[in-house]
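Descriptive structure summary
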Amino acid sequence: MRNMTAFWKTYVPNFVAWAGVAAGVVAIVIGMGGSPQAAVAQEVVRPEAPSAFCLSDSMLVIWSAAENGQAEAPVGWKLEQRRWESGRWVVQTFTFIGAQADGLLSEQGDSWLWDDENVDRNSPYTYRVRAIDADGSDTADRTWSPRTSIDCLSDTLNQPGLSLPRHHVDGLSMLWRTPNNGLNLVPDGWKVERRHLDSQGRDGAVQRFTFIGLEADALLTVDGRYWGWVDTTPEREVEYTYRVRAINADGSDLDGTGWSRDASGMRLGEFLDQPGISVPRLTEKGVSMFWHTQNHGEAKAPDGWKVERRHWASDGWVVQTFTFIGSDADALQTHSERYWDWVDEEAGFDEDYTYRVRAINADGSDTEGRLWSRRAPVEGCPCDDQR
């Protein structure tokens, strides 16, 4: 699906030039009891912050040992992933020991590469690494690297990054940031465009919301790099599409910047009452996606799942459903017990699909008290914007 060797040859030389793939050796003094005679010096090996790259359906994380990659390779590595979810950081760690760690070594043997496929491109992430021993314990003379931040909210560096709208008790909430991974200068304001389809599947009304000066500043949220807004006026059961762009103080479009990507969402119910579905992505095998149970994956696993696929044809909406019950559903838990992964190999590469999922019982009926997930459009579909 991805040619990692080609990625290494194409991107990593630049990464080495930018970041140096270097690590510092930090001397620290540990004071014991406040007595100068009790103080001892200890060398601590600290790798530099890893680098992360957005791939088509994952994030590639690259790190090295200290001393320009010349420090002795440890037995294993612990990698910490933090993601921003519902107003808080959720932390997950991954360990690679022995042969698993060796399997991540680059062709040059001086860096480690890990492809994190358990990501939601609509959320900010941070990564850091540290060396561990064969039993999984932290190596005594090595410590955590600094954290590195990454998000993949836009299709290109020239676009503002807009998240998929998420269900909120008051409506639909979303985040966005300036172009160039949030590094561009802050504009005077923002314009948000909202459109939807009418009951016949045709483009409906287009509405625009502007935030200038103090109104725009009031939307600043995560780490001072993101603007967050809750659209409190969407109707239930209507699918909306949003996009944003930077504007000047007089409301005119800011030169040199464009619209963000389109991001669609539907207000179906309370946020925690719905299963969570990722952004479906176009791959060589078909459309790939994953989902989890409601309440951020903490709800009890159901007997099975129903996946609905929808696209617009000349004579109306075409809807197909796929069911996975019992062992068929269990077989989809390829990443962890909290996620179900599926590739729609029957999807055509020239259709503009959306997907949603819901929990079902062993007899195929809908599980009482559980709702459909939000509709998720395919990212990377080579289609125009017409439905």
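Residues numbered from 1 in each chain as written. Predicted model: local features only at pLDDT ≥ 70, side-chain atom pairs only at ≥ 80, totals over all residues. Heavy atoms only, no water.

1. A short note on the overall build of the chain
The condition is simple: Counting from the N terminus, the helices are the DSSP runs of H or I reaching at least four residues and the strands are the DSSP runs of E reaching at least two. For the exposure calls, accessible area comes from a 1.4 Å probe over protein chains only, and a residue counts as buried if that area is under 20% of its type's maximum, exposed if over 50%, partly exposed in between. Contacts were defined at the residue level, with two residues in contact if any of their heavy atoms lie within 4.5 Å. Exposure was quantified through the Shrake-Rupley algorithm and a 1.4 Å probe, taking into account, for residues, occlusion by the shown protein chains and nothing else.
From N to C terminus, the chain includes six helices and 25 strands. Here the chain holds 387 residues, and the buried ones make up 49% of them. Excluding contacts between residues fewer than 6 apart, the proportion of contacts in the chain whose partners are at least 24 apart in sequence is 63%. Taken as a whole, the chain presents about 18,400 Å² of accessible surface, with 47% of it coming from carbon and sulfur.

2. Observations concerning the pairing of strand S23 (residues 340-344)
Convention followed: Paired strands, as defined in this entry, are two strands with at least two bridges between them according to DSSP.
Only one face of S23 is buried, namely the one carrying Trp-340, Trp-342 and Asp-344, since none of Asp-341 and Val-343 on the opposite face is buried. Sheet topology note: the strand S20 (residues 287-292)/S23 ladder contains five bridges and is antiparallel. Each bridged residue has a counterpart across the sheet, and for Met-289 the counterpart in S23 is Trp-342.

3. A closer look at the state of the cysteines
Disulfide: a covalent bond formed between the sulfur atoms of two cysteine residues. Here is the rule we go by: Two cysteine sulfurs form a disulfide in these notes if their separation is within 2.5 Å.
Using the criterion set out here, one finds one disulfide in the structure. Here Cys-54 engages in a disulfide with Cys-152; their sulfurs sit 1.9 Å apart. Negative torsions about the S-S bond denote left-handed disulfides, and the value of about -95 degrees found for Cys-54 with Cys-152 makes this one left-handed. Placement of the pair is Cys-54 in strand S3 (residues 51-54) and Cys-152 in the loop between strand S9 (148-150) and strand S10 (161-162), with a sequence separation of 98 residues. According to the relative accessible area criterion, Cys-152 is buried, its value standing at 2%.

4. With respect to the pairing of strand S24 (residues 354-360)
Of all seven residues that make up S24, seven are buried, and the element is covered over most of its length. With burial as the criterion, each face of S24 is covered, one bearing Thr-354, Arg-356, Arg-358 and Ile-360 and the other bearing Tyr-355, Val-357 and Ala-359. Relative to S24, strand S21 (residues 304-313) runs antiparallel, the two sharing seven bridges. What sits directly across from Glu-308, in S24, is Arg-356. Across two bridges, S24 lies against strand S25 (residues 376-377) in antiparallel orientation. Looking at the pairing, Tyr-355 lines up with Ala-376 of S25.

5. Looking at the sheet that holds strand S4 (residues 59-64)
What links the strands of a sheet is backbone hydrogen bonding, and the strands pair in either a parallel or an antiparallel sense. Put simply, the test is: Orientation is described by lines fitted to C-alpha atoms, with helices fitted over the stretch in contact, and by angles between N-to-C directions that extend from 0 to 180 degrees.
Spatial strand order, S3-S4-S7: three strands in an open sheet with antiparallel pairing. The outermost strands of the open sheet, each flanked by one partner alone, are S3 and strand S7 (111-116). For this sheet, the mean angle separating the axes of adjacent strands, direction not counted, is 20 degrees. As paired elements, S4 and S7 share six bridges and run antiparallel to each other. Directly across from Met-59, in S7, lies its bridge partner Asp-116.

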